[in-house]
Amino acid sequence: MTNDEPAIDQALAERRHLMSLAFRMLGTIAEAEDAVQETYVRWWRMGREERVAVQAPRFWLQRVTSRICLDMLGSARARREEYVGPWLPEPLPSQVFSRPELDPADQVSLDDSVSSALLVVLETMTPAERVAFVLHDVFAVPFDEIAATVGRSPGACRQLASSARHRVEQARDRRATRREHDDVVRAFASAARSGDVQALITVLDPGAVLRSDGGGVVTAARHPVVGAERVARFIAGVVHKYPGCDVLEQETHDGLGFAIWDEGHIIGVVTLDVSEGVVTDVRLVLNPEKLSSWKTP
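The sections below set out a description of the structure shown in this document.

Calculation rules
Within every chain, residues take consecutive numbers counted from 1 along the sequence as written. Reporting in this predicted model follows two pLDDT cut-offs: at least 70 for local features of residues, and 80 or more for side-chain atom pairs to be given and counted; totals over whole chains, interfaces and linings ignore these cut-offs and use all residues. To obtain the side-chain values, all non-hydrogen atoms of the structure were used and water was disregarded. Going along the chain from the N terminus, every DSSP run of H or I of four or more residues is numbered as a helix, and every run of E of two or more is numbered as a strand. Expected span of a helix: the number of residues minus one, times 1.5 Å. Exposed residues in this analysis have more than 50% of their type's maximum accessible area, buried residues have under 20%, and partly exposed residues fall in between, with area computed by a 1.4 Å probe over protein chains only. Pairing between two strands is assigned when DSSP locates at least 2 bridges connecting them. In what follows, a contact means two residues having at least one pair of non-hydrogen atoms within 4.5 Å. Under this scheme, a helix contributes an axis fitted over its contacting stretch, all axes are lines through C-alpha atoms, and angles between N-to-C directions fall in the 0 to 180 degree range. In plain terms, two cysteine sulfur atoms within 2.5 Å form what is called a disulfide here.

**Focus on helix α11 (residues 178-194)**
- The end-to-end C-alpha distance of α11, which contains 17 residues, comes to 25 Å, matching closely the 24 Å that a straight helix rising 1.5 Å per residue would cover.
- Every buried residue of α11 is accounted for by His181, Asp182, Val184, Val185, Phe188, Ala189, Ala191 and Ala192.
- Residue Gly195 follows α11 closely and has a positive phi angle near 75°.

Rendered as structure tokens:
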């Protein structure tokens, strides 16, 4: 056994934590894996004595992963602009990144931090705001440590996190309770299955928006569908076009949603936002590269 094997084992044990961190910063499993892989490359490049000297591998790895994510976020906007159609964060099954050892209240809070609704809000932030918010509000990293990560003063990082938190709280304030969300979503599903456009319109906000992410890999709407009637007709058309698919209720980090299956293969995941008794946003992820976490039902 070499002297640095304990340090190596400690580092490898942090992979799940690093993936959880990177996903919240980047929004897709593939990008998170790239960031974590680069983190470990940098770890292995250090000499044995340097690795052994790292007293807390988790904090070293966390800082490096955060810096890599910060750099990746800087170039992500250009990639999003080249993306075919709307870009949506990757929806995850509710068990991914769950932490059963946490207090239930803390677990609910952590689950919400990977909801599609929150990740959409994070996409509107600057890279520094997003990193500061995720590190401080989700992972309770002190501002002194965040400052060393993003290259700002602790006070500046506190302001970044505060600005980000304000946006997140505004979005959360508009959202329905979990019970109301699920009741409205079930009404939405019933209307969708019937193909009744008027029934769908009644459960949609007049300004409802539907975004479908096919990534240029599969057919999807290239632009957001806006307005209750247009969204209702789009959904009715999809239901009519794919009568053989199974649309199953699915617990997601956004509350009740739907998984779309075709002959045992996942082909889409639907998450929704509900406010004041109606559906305000429909997110339909069809890009197969963003569905790799979903297994056969």
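From this point, things continue past the structure.
**Brief notes about the sheet that holds strand β5 (residues 265-275)**
- The strand order β2-β1-β6-β5-β4-β3 describes an open sheet built from six strands, whose pairing is mixed. Every interior strand has two partners, whereas the edge strands, β2 (225-226) and β3 (246-252), have only one.
- Its contacts with the sheet put α11 on β1 (204-213), β3, β4 (255-262), β5 and β6 (278-285), and the angle it makes with β4 is roughly 35°.
- The strands that helix α13 (residues 228-241) touches are β1 and β2; relative to β1, the one it contacts most, it runs at about 45°.

**Here we look at the state of the cysteines**
- In the structure shown here, the tally under the stated rule is zero disulfides.
- Cys69 forms no disulfide, and the closest cysteine sulfur to it belongs to Cys157, at a distance of 16 Å.
- For Cys69, a relative accessible area of 0% translates into the label buried.

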